[in-house]
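# Report on the structure
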Amino acid sequence: MKKQKHPSDLMDLAESLVSFGRSQGADEIEVSAVEGTEFNVDVRHGKIENLVEAGSRYLGIKVIKEKKTAFATSSDLSKNSLQRLMRNAIHRAEFANCDEYAGLPPLKEDTFDQEVLDIYDPEISDLDAQEKIALAMKTEKIALSDRRITNSHGASFETKEIKIYLANSLGFKGAYEETIFSLGVGVQAGETDKKVEDFWSSSHRRFRNLETPERVAKKAVERTVRQIHPRKVRTQNVPVIFEPPMTAWLLGFLFSCVSGMAVYQRLSFLADKLGKKVGNEKITVFDDGRMRGKLGTRPFDSEGIPTGQTTVIDKGMLKNFLCNIYSARKLKHRSTGNADGAGVGPNNFYLKAGEMTPEAIIKSTDRGLILIRTIGHGLNPLTGEISRGAYGLWVENGEIAYPVSEITIAGNLGTILKQIDMVGNDLEFRGSISGPTLRIQELTIAGE
Amino acid sequence: MKRISPPQNSFPFETHFNIGLADLEKALNLALSRGGDFSEIFLEYKIINAIRMEEEIIKETSENIVLGLGIRVISGDRTGYAYTNDFSPAKIKGAALTAASIAEEDLPRIAARLQSSHSPHDLYPVSSSAHEESLDKKISLVKETHEFASHFDKRIKEAKIMFTDQTRHTTIVNSEGLFISDTQPLLKLTCLCVAEKSGKREAGFSGGGGRVGMDYFKKNLSPSQIANEAAQEALNLLEAVVPPAGEMPVVLAPGHSGVVIHEAVGHLLEADFNRKKTSVFWDKLSKKVGDEQIFIYDDPTIPFFRGSYNIDDEGTVPEKTPLIEQGRLVGFLQDRLSSKLMGNPLTGHGRRQDYTCIPIPRMSNTYIENGEYDPEDILKSVDRGFYAHKFQGGQVEDSGKFTFSVSSGFLIEGGKLTAPVKQATLIGTNIDILQKIERIGSDLTFGLQTGTCGKEGQAAPVTDGCPTLKISSMTVGGLK
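Everything numeric in this text was worked out from a predicted model, so none of it was measured.

Check the secondary structure of chain B and you find 11 helices and 23 strands. For 480 residues, the compact-globule formula gives about 23 Å, and the C-alpha radius of gyration of chain B, at 24 Å, lands near that figure. Of all 480 residues assigned to chain B, the portion counted as buried reaches 60%. In chain B, once contacts between residues fewer than 6 apart in sequence are set aside, the share between residues at least 24 apart is 76%.

This is how it looks when you write it as structure tokens:
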């Protein structure tokens, strides 16, 4: 499909809508526009399954009139439709209640260098479809060449190019572009009724920094075959080692508990804990939107607030909640540049690495579980309770003994943060939420 | 070209997309310009209105419009797909050619002339469309729910109410000459209550809706019922004990527990997983997989249900589809691609989240049919066990391993419900659990009309149901 290189028409459209809204009687207006193009190929058993190539645009509006708020979004960008949408929003705002905390953030001077952020890879336009398809094909082929692998969920290669524009009635005007490349494969091992499965994928801002097909395939195979012939263990309390993807999962839950939105509504068990000790001194957590080339990096948030580094937990002490302007005003906090649509989202949210190698952590565990995957829901920010289906590897005398499945883990995030007794040195930024290997002193495993 | 009279429920896509039938026919042919078995255009125009109330005020309202089209070409088992929300002739041509590139025969095919048709179903004849209702009235409904929730008990400290109404117009045209449209309403009113007692806080949830009109909240499910149920759950949880851990008999409450059927059985009977042989069920068609008393169906044709539709997102007229009868596996949920590759008839289960997505086999309203046991007798048959009352959700893998997150339950002691129990996870494998369904009650109920199922990143509204069920033994993941 033909691609426009640097269209500024969306910036113009956003600005003209801001002016139009003002002329229609709104006090404050914010307009964002997003233009995305995607390419995605799924291959399975050496053949293309799906090939998707497309582009789309949409626009978001926030209107405030007399401290009353209305939102609108549209993928119909015709002028008539957008003007009608804006008029509707201004009209609808009157139906909301007056809310003294509503309003756009004050304009904040900031400069950023798109080059330094390094979140856009110009190479995206040089890649041709055949090259992308070949990468997915190669990855799956390598994975399937392992005799222990009995079926394939397929391999995928995906690229996304996104341009973001934002303008508001206080004079903010900003734009940036970003790219994401992903390569992944999922496989199964074992016979029909005793199947095990897993996957591996690599995502990066730059094409050349993606993991190789060999590495992605090897990881997917390793992660799958290590689960063959699982056992069920009896119900007990043991130390649990979280592999980095599991730490990221745990941190995702922590994020939902330090989100300003959950905190001001008192829907988080951490709501009253600012300035207090919530974990042991091994726990330091940051949110940072300005790390070079990372997947959670962006120059400003969805309200135009410049991103930066926020210390969330410092050696166990809860230092900051992560806020958009609304929750910030509610909490008498500052906006941390975490606005994401109407809510709050992570930039690069991560737990600082420790010094132990993952091998050393396993070695120092007499008896316990390495948590490799969880499934299900079972997270309650209000209480911190965690309850999930789990897959793992059983550890005996500091060594991996056998795989375990059909168990659950249960615990409380508040307790877990105090019981993390080992932190690995293997922090890698594989998504917008990342963490190293961790060991929790004790969790309940339910099995037989 | 010949003027075709619009079918029932059609939406005037010409005005929203600024294109005509002739343009669509042209694009269908262009999409087959490199060969291929099938081309299709899916046009979607969706309006979603929402009202959010929390901290005792109407915080905001929103209006969201989704407008776009997707062009698909199938060649053997390969799918080419492109979508756009720019409807200029050049963009549509570009999208058609992109989708076309999946076929590499260089032997153009010709699409059949479009023939207007319509579904025999009329599953949501709504008399009081929310779309036409005034914002004032909708806000009153939200406030009324809030009023009931916040006055239910002094310990209720916060009530969050959400109301959304959606109208989704779809038109599907394809190279076999199909031209069909549908207009699908979807309403949802939910209430989340937070209760507090001596520093302890717990949340309860309830809601309702479906493909209904505003009068549903007068005639079928009132705001007070929704509010009371959410508030009561939050209060129960304040007194709840931590769940037991280990294997024990489990009784599933009627209604909400339908999610167990959805996860443990439904997903793995979606045809794509069986065509690809990744599901444990792929080699079990017509084989016995559970006890003789088990009958499981997926029925997209239940009037006014959230998971229902007059046509699926490929334009197929859906049918009630038997999945398991007398414990025997009798069918899969099919979309066009899988049905063709497997040589099985279409069932009308090809659904997609929106125009940016390729359709895949999905559930609609999935349920386990009534059995013969009295629910009270089922409870009485358990000396010590766990009663799963409400669920947060569930998840399953192709290997058949699943979990359900129970948000509230009860201990069963001496055949009676005793202490309320909070957050627990149930875990098992599907073949195993089907064998362990020991008794099926005679009280089939459907769960809340608020459920959304996720698969491959696509969300779809669904409903599920079941009568009281006794599972002889299941692992309950609690705290020791």
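Here we take up the overall build of chain A. Per the secondary structure count, chain A includes 10 helices and 20 strands. Since a compact globule built from 448 residues should have a radius of gyration of about 22 Å, the 24 Å found for chain A is in line with a globular shape. Per-residue burial for chain A yields a buried fraction of 53% across its 448 residues. Of all intrachain contacts in chain A linking residues separated by at least 6 positions in sequence, the fraction that spans at least 24 positions is 70%.

All names here are of chain A. Positive phi, normally seen in glycine, also occurs at His45, with a value near 50°. With respect to the helices and strands, His45 occurs in the loop between strand 1 (28–44) and strand 2 (47–65). Despite not being glycine, Lys315 has its phi angle at roughly 45°, a positive value. For Lys315, the location among the structural elements is in the loop between strand 9 (309–314) and strand 10 (317–318).

The subject of this paragraph is the domain arrangement of chain A. Where interface size is quoted, it is often the accessible area lost as the parts come together. Residue and element names in this part refer to chain A. Parsing chain A into structural domains produces domain 1 (9–224), domain 2 (227–249 + 353–446) and domain 3 (270–349). Each of domain 1 and domain 3 was reduced to a C-alpha centroid, and the two centroids are 21 Å apart. Listed as interface residues are 21 residues of domain 1 and, on the opposing side, 18 residues of domain 3. Mapped onto the side of domain 1 that touches domain 3, the elements with two or more residues apiece are strand 1, helix 3 (114–117), strand 4 (149–168) and strand 5 (173–189). Of the residues that constitute the side of domain 1 that touches domain 3, the class distribution is 11 nonpolar, 4 polar and 6 charged.

Regular strands have side chains that alternate between both faces of the sheet. All names here are of chain A. The buried count for strand 20 (residues 438–446) comes to 7 of 9 residues, which makes it a mostly enclosed element. Across 6 bridges, the pairing between strand 7 (residues 236–242) and strand 20 is antiparallel. Directly across from Ile241, in strand 20, lies its bridge partner Arg439. With 3 bridges connecting them, strand 17 (residues 399–412) and strand 20 associate as antiparallel partners. The partner of Thr408 across the bridge, within strand 20, is Ala446.

The interface is formed by 59 residues belonging to chain A together with 65 residues belonging to chain B. Sorting the residues of the side of chain A that touches chain B by element identifies strand 2, strand 3 (68–74), helix 2 (79–93), strand 4, strand 6 (196–204), strand 16 (385–396), strand 17 and strand 20 of chain A as the ones contributing at least two each. Among the residues forming the side of chain A that touches chain B, the class breakdown is 18 nonpolar, 26 polar and 15 charged. Direction of pairing for strand 2 of chain A relative to strand 3 (residues 78–84) of chain B: parallel, over a ladder of 3 bridges. Within strand 3 of chain B, the position partnered with Leu51 of chain A by the bridge is Gly80 of chain B.

Glancing now at helix 6 (residues 244–258) of chain A. Given a rise of 1.5 Å per residue, 15 residues ought to cover 21 Å, and the 20 Å separating the end C-alpha atoms of helix 6 of chain A matches this to within 8%. For helix 6 of chain A, the complete set of buried residues consists of Met246, Thr247, Ala248, Leu250, Leu251, Leu254, Phe255, Cys257 and Val258 of chain A.

Another aspect to go through is the nonpolar core. A general trend in soluble globular proteins is that nonpolar side chains are found buried together. Ile61 and Leu371 of chain A together with Ala149, Cys193, Ala230 and Ala234 of chain B are the most contacted members of the largest nonpolar core, which totals 192 residues. What Ala149 of chain B contacts, discounting residues up to four positions off in sequence, is Ile156, Ala159, Cys191, Cys193, Ala227, Ala230 and Ala231 of chain B.

Residues and elements named next belong to chain B. Taken together, 6 strands build an open sheet; the order of strands is 11-10-9-14-22-19 and the sheet is mixed. If you trace the sheet from one side to the other, it starts and ends with strand 11 (328–329) and strand 19 (445–446), each paired once. As paired elements, strand 9 (residues 296–298) and strand 14 (residues 365–368) share 3 bridges and run antiparallel to each other. By the bridge assignment for strand 14, Asp298 is matched with Thr366. With respect to the sheet, helix 7 (residues 258–266) is in contact with strand 9, strand 10 (321–325), strand 14, strand 19 and strand 22 (463–466), its orientation differing from that of strand 22 by roughly 105°.

In this section: the packing of helix 2 (residues 21–31) of chain B against helix 3 (residues 89–100) of chain B. In a packed pair of helices, the relevant descriptors are the angle between the two axes and the axis-to-axis distance. Residue and element names in this part refer to chain B. Packing of helix 2 against helix 3 leaves a shortest axis separation of 8 Å and a crossing angle of 30°. Judged by the angle between their axes, helix 2 and helix 3 are roughly parallel. Here the hand of the crossing between helix 2 and helix 3 comes out right-handed. Mapping the contact onto sequence places Ala27, Leu30 and Ala31 in helix 2 and Ile92, Lys93, Ala96, Leu97, Ala99 and Ala100 in helix 3. Each residue belonging to the contact of helix 2 with helix 3 can be placed in one class, and the counts come to 8 nonpolar, no polar and 1 charged.

With that settled, the discussion passes to the sheet that holds strand 9 of chain A. Residue and element names in this part refer to chain A. Read across the open sheet, the 5 strands follow the order 10-9-8-13-19; overall the sheet is mixed. The strands lining the two open edges of the sheet, one partner per strand, are strand 10 and strand 19 (433–434). Bridge count between strand 8 (residues 285–288) and strand 13 (residues 348–351): 4 bridges; the pairing is antiparallel. Paired with Asp288 across the bridge in strand 13 is Asn348.

Moving on, we get to the domain arrangement of chain B. Residue and element names in this part refer to chain B. Domain annotation for chain B reports domain 1 (13–238) and domain 2 (246–477). Between the C-alpha centres of domain 1 and domain 2 the distance comes to 23 Å. Contacts between the two partners involve 38 residues from domain 1 and, on the opposite side, 27 residues from domain 2. Looking at the side of domain 1 that touches domain 2, the elements that each hand over two or more residues are strand 1 (38–54), strand 2 (57–75), strand 3, strand 5 (156–174), strand 6 (178–197), strand 7 (200–210) and helix 6 (223–238).

Turning next to helix 4 (residues 129–144) of chain A. Residues and elements named next belong to chain A. End to end, helix 4 covers 23 Å across 16 residues, agreeing with the expected 22 Å (1.5 Å per residue, within 8%). Those residues of helix 4 lying buried are Lys132, Leu135, Ala136, Thr139, Glu140, Ile142, Ala143 and Leu144. For helix 4, the secondary structure elements touched by its buried residues are strand 1, strand 4, strand 5 and helix 5 (213–225).

All names here are of chain A. Summarising the sheet, strand 4 and strand 5 pair through 17 bridges and their orientation is antiparallel. Following the sheet pairing, Gly154 is matched in strand 5 by Gly186. Linking strand 4 back to strand 5 in an antiparallel pair, the connection comprises 4 residues, with Gly171 at a positive phi of about 105°. Note that strand 5 and strand 6 share 9 bridges and pair antiparallel. Within strand 6, the residue paired with Gly184 across the bridge is Ser201.

Residues and elements named next belong to chain A. Inspection of the secondary structure puts Ser302 in the loop between strand 8 and strand 9. Spatially, the C-alpha atoms of Ser302 and Ser32 are 7.8 Å apart, while their sequence positions differ by 270 residues. Apart from the residues within four sequence positions on either side, Ser302 is in contact with Ser32, Ala339, Asp340 and Gly341.

Below, the discussion takes up the packing of helix 4 of chain A against helix 5 of chain A. Residues and elements named next belong to chain A. In the contact formed by helix 4 and helix 5, the axes pass within 8 Å of each other and the chain directions differ by 40°. Taken together, the axes of helix 4 and helix 5 lie oblique to each other. Our pair here, helix 4 against helix 5, has a crossing hand that is right-handed. From helix 4, Leu135, Lys138, Thr139, Ile142 and Ala143 reach across to helix 5, where they touch Pro213, Glu214, Val216, Ala217, Ala220 and Val221. Its residues assigned to classes, the contact of helix 4 with helix 5 comprises 8 nonpolar, 1 polar and 2 charged.

On average, chain B scores 93 in pLDDT, and the residues at 70 or more come to 97%. Among the scores for the predicted complex, ipTM is 0.91 and pTM is 0.93.

Here we come to the environment of Glu25 of chain B. Residue and element names in this part refer to chain B. Mapped onto the secondary structure, Glu25 falls in helix 2. For Glu25 and Phe13, which are 12 residues apart along the polypeptide, the C-alpha to C-alpha distance reads 14 Å. If near-sequence neighbours (up to four positions away) are discounted, Glu25 is found in contact with Ala111 and Leu114.

Definitions and limits used
- Residues numbered from 1 in each chain as written.
- Chains lettered and ligands numbered in written order.
- Predicted model: local features only at pLDDT ≥ 70, side-chain atom pairs only at ≥ 80, totals over all residues.
- Helix = DSSP H or I, 4+ residues; strand = E, 2+ residues; numbered from the N terminus.
- Rg over C-alpha atoms; globule rule 2.2 N^0.38 Å.
- Buried ≥ 20, exposed ≤ 12 C-beta atoms within 10 Å, placed from the backbone.
- Contact = placed C-beta atoms within 7 Å.
- Domains from an automatic or database assignment.
- Nonpolar A, V, L, I, M, F, W, Y, C, P; charged D, E, K, R; others polar.
- Pairing = 2+ DSSP bridges.
- Expected span 1.5 Å × (residues − 1).
- Core = buried A, V, L, I, M, F, W, Y, C linked by C-beta atoms within 7 Å.
- Axes fitted to C-alpha atoms, helices over the stretch in contact; angles between N-to-C directions.
- Parallel < 35°, antiparallel > 145°, perpendicular 65-115°, else oblique.
- Left-handed = near helix turned anticlockwise from the far one by under 90°.
- pLDDT = per-residue confidence, 0-100.

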